[in-house]
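Inside the fold
Next come the chains, spelled out residue by residue.
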Amino acid sequence: MSLKTTLAASALILAGSFGLSLAPASSTMAQDTASSAEAPAMDIKDMALGPVDAPVTLIEYASYTCPHCANFHEQIFKPLKAEYIDTGKVRFVYREVYFNQDRPAFWAAMVARCGGEMRYFAIQDSLFARQQEWLSINNPADMVESLKKSGLVNGLDKAALDACMQDATLAQGMLDLFNENMTEYDIQGTPTLIINGTKHANMSYADLKTLIDAELAEE
């Protein structure tokens, strides 16, 4: 079963039945996964900060289950935002990665997406800050409930959040975007950074500043 099929199917069984795997695991979850995969796609966009016409575009490919990504968010993204994004020098684009049918990464991304553009990055901050907490939970249903806390503390309504987490159309749209994004730069690990079209591995903030400043100097 493909990642696209199984993840899309999971959105239909995520709540209520607690069928929190990417494939049906019981008779109560015996969904037709082929039909699930054919759910109409929602037009999902990359989440971004900073002006569209900024001289530098930085794309981060990251997974919510990746400890290096959590460290990047805490140690690098925060000063990057203050120094370059908020000042209009950098357009920051975040692209979600779900390697190897990574269910928790997908569920976390769904929670963040349920907040829409207005709340996405605030929920992201909570998800990364609490990463060790929710990743340490073995029971999938309990893990999802813990993930939802990052949405609830950022103003999401529980009923709306529960409905969003069962939205197969949203899930299909996320997967379509994921498949498109992953092929654009042949992403093999996270975090991966794309700076004005050039791919880079994870790096220190000092090294990132050097690359960004070099791009700005060419403007």
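Below or above, wherever it landed, is the structure these notes cover. Since we're looking at a predicted model, the values are computed, not measured.

The next thing to look at is the overall build of the protein chain. Within the protein chain, the regular secondary structure consists of ten helices and five strands. Taken over 219 residues, the protein chain has a buried fraction of 49%. A sequence separation of at least 24 residues applies to 78% of the contacts in the protein chain between residues at least 6 apart. With an accessible surface of roughly 9800 Å², the protein chain has 51% of that area assigned to carbon and sulfur atoms.

What follows covers the state of the cysteines. Here is the idea: a disulfide is a covalent bond, and it sits between the sulfur atoms of two cysteines. Counted under the stated rule, the structure contains one disulfide. Sulfur-sulfur distance for the disulfide between C114 and C164 comes to 1.9 Å. Around the S-S axis, the bridge from C114 to C164 shows a dihedral of about -95 degrees and counts as left-handed. Of this pair, C114 sits in helix α4 (residues 103-114) while C164 sits in helix α8 (residues 158-165), and the two are 50 residues apart along the sequence. Take C114 and C164: they sit in the same class, and that class is buried.

Bringing the pairing of strand β3 (residues 90-96) into the picture now. Of all seven residues making up β3, six are buried, and the element is well covered by its neighbours. Here strand β1 (residues 47-49) pairs with β3 via three bridges, running antiparallel. The residue bridging A48 from the neighbouring strand is V93, located in β3. One ladder, built from seven bridges, connects strand β2 (residues 56-62) with β3; its direction is parallel.

A few words on the packing of aromatic side chains. In the structure shown here, the tally under the stated rule is ten aromatic pairs. Both rings, one in Y94 and one in Y120, keep their centres 6.2 Å apart while their planes meet at 55 degrees; by these two values the pair is tilted. With a gap of 26 residues between them, Y94 in strand β3 and Y120 in helix α5 (residues 116-129) connect regions that are remote in the sequence. Residue classification places Y94 among the buried positions, given a relative accessible area of 0%. Joined through ring pairs, the aromatic side chains of Y64, F77, F92, Y94, Y120, F121 and F128 make up one cluster.

Analysis parameters
Residues numbered from 1 in each chain as written. Predicted model: local features only at pLDDT ≥ 70, side-chain atom pairs only at ≥ 80, totals over all residues. Heavy atoms only, no water. Helix = DSSP H or I, 4+ residues; strand = E, 2+ residues; numbered from the N terminus. Buried < 20%, exposed > 50% of the residue type's maximum accessible area, 1.4 Å probe, protein only. Contact = heavy atoms within 4.5 Å. Areas by Shrake-Rupley, 256 points an atom, 1.4 Å probe, with all protein chains shown as cover. Disulfide = S-S within 2.5 Å. Pairing = 2+ DSSP bridges. Phe/Tyr/Trp six-rings, centres within 6.5 Å; stacked < 30°, edge-to-face > 60°.

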